[in-house]
Amino acid sequence: MTSLTNVYHALPQLPGVTGPELTYTQQLAEAWDNSGIMRWPLGLCVLVGLVVIIWKFFDILLKSAATRKMLQEVDELLAQQQIKEALEFTRESDSPAANILHAGLERRDEGTDRIMKAIENQGLIELSKLERGLVVLATLTNVAPLLGFLGTVMGMIEAFQAIEFAGEVDATTVAGGIKTALYTTAAGLAIAIPVSICHNYFVSRIDHLVIDIEESAQKMIDALFAAQMGQ
């Protein structure tokens, strides 16, 4: 909606285009009123997207900080061959990395294959938790433009119905329908673009977090192997 009102505000600056001076609040209100019936589903997309983005941002931020701190401590314990201390530390922590490493450390006496399988299974569970909410953003990225295009079609239908009822082509007759069509298209794209950017950002942060966990898991396996060889 913000991008849409910025475009509307810039129109009077074009040669030959005049329009009333509106405040920012008035521009938002006019954009809302001129979006027709599609303003309700588009407004719902804005609300849901904003809530999920804020929640996911702080969720990943907190989990990333906890994971970095936990991995650093576990790496130091494993480097000193303090396997039991590392197991107890991961048991007390509730970060995704701690759960994965704990699953592997619990099976330290069952062989490398069992350790790898436990890490892999727990990793899939933790990854699904990290990706929670991303499907909502991906859905909004696809649905918002489609809702905008649906509003465009409805607006064009309204414009052609006005021509049919009037019996002649007049700019003022079709202006309302075309205006609604353009508003809904712009609104759908204005919603989808930032949501898509946030979705890709969260995916990138999760990928980096997974890489850090995989590196720490490999260090854990090497430390367990070295401890077995020492025994």
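Anything mentioned here points back to the structure above.
Asks: Is there a simple way to explain the overall build of the chain in this structure?
Replies: Looking only at helices and strands, the chain has eight helices and zero strands in total. Along the chain, from the amino end to the carboxyl end, the secondary structure elements read α-α-α-α-α-α-α-α. Here the chain, with 231 residues, has 36% of them falling under the buried criterion. A sequence separation of at least 24 residues applies to 71% of the contacts in the chain between residues at least 6 apart. As displayed, the chain offers around 13600 Å² of accessible surface, 63% of which is attributable to carbon and sulfur atoms.

Asks: What is the right way to look at the packing of aromatic side chains in this model?
Replies: The geometry of an aromatic ring pair is captured by two quantities: the separation of the ring centres and the angle between the planes. Applying the stated criterion across every chain yields a total of two aromatic pairs. Each ring, one from Phe57 and one from Phe58, has its centre 5.4 Å from the other, and the planes form 85°; the classification is edge-to-face. Accessibility expressed as a relative area gives 34% for Phe57, which makes it partly exposed. When its relative accessible area of 45% is taken as the criterion, Phe58 is described as partly exposed.

Here is what the cut-offs are and how they apply
- Here the residue index of a chain counts from 1 through its sequence in written order.
- The predicted nature of this model means local features are confined to residues of pLDDT at least 70 and side-chain atom pairs, given and counted, to a pLDDT of 80 or more, with totals for whole chains, interfaces and linings taken over all residues.
- Calculated side-chain values reflect all of the structure's heavy atoms, with hydrogen atoms and water omitted.
- Helix and strand assignments come from DSSP, with helices taken as H or I runs of at least 4 residues and strands as E runs of at least 2, each series counted from the N terminus.
- Exposure classes here rest on a 1.4 Å probe applied to the protein chains alone. A residue is buried below 20% of its type maximum, exposed above 50%, and partly exposed in between.
- In this analysis, two residues are considered to be in contact whenever any of their non-hydrogen atoms come within 4.5 Å of each other.
- Under the convention used here, a 1.4 Å probe and the Shrake-Rupley method define accessible areas, while residue burial counts only the protein chains that appear.
- Aromatic rings from Phe, Tyr and Trp, with only the six-membered ring used for Trp, were paired whenever their centres fell within 6.5 Å, and each pair was classed as stacked if the ring planes differed by under 30 degrees, edge-to-face if by over 60, and tilted otherwise.

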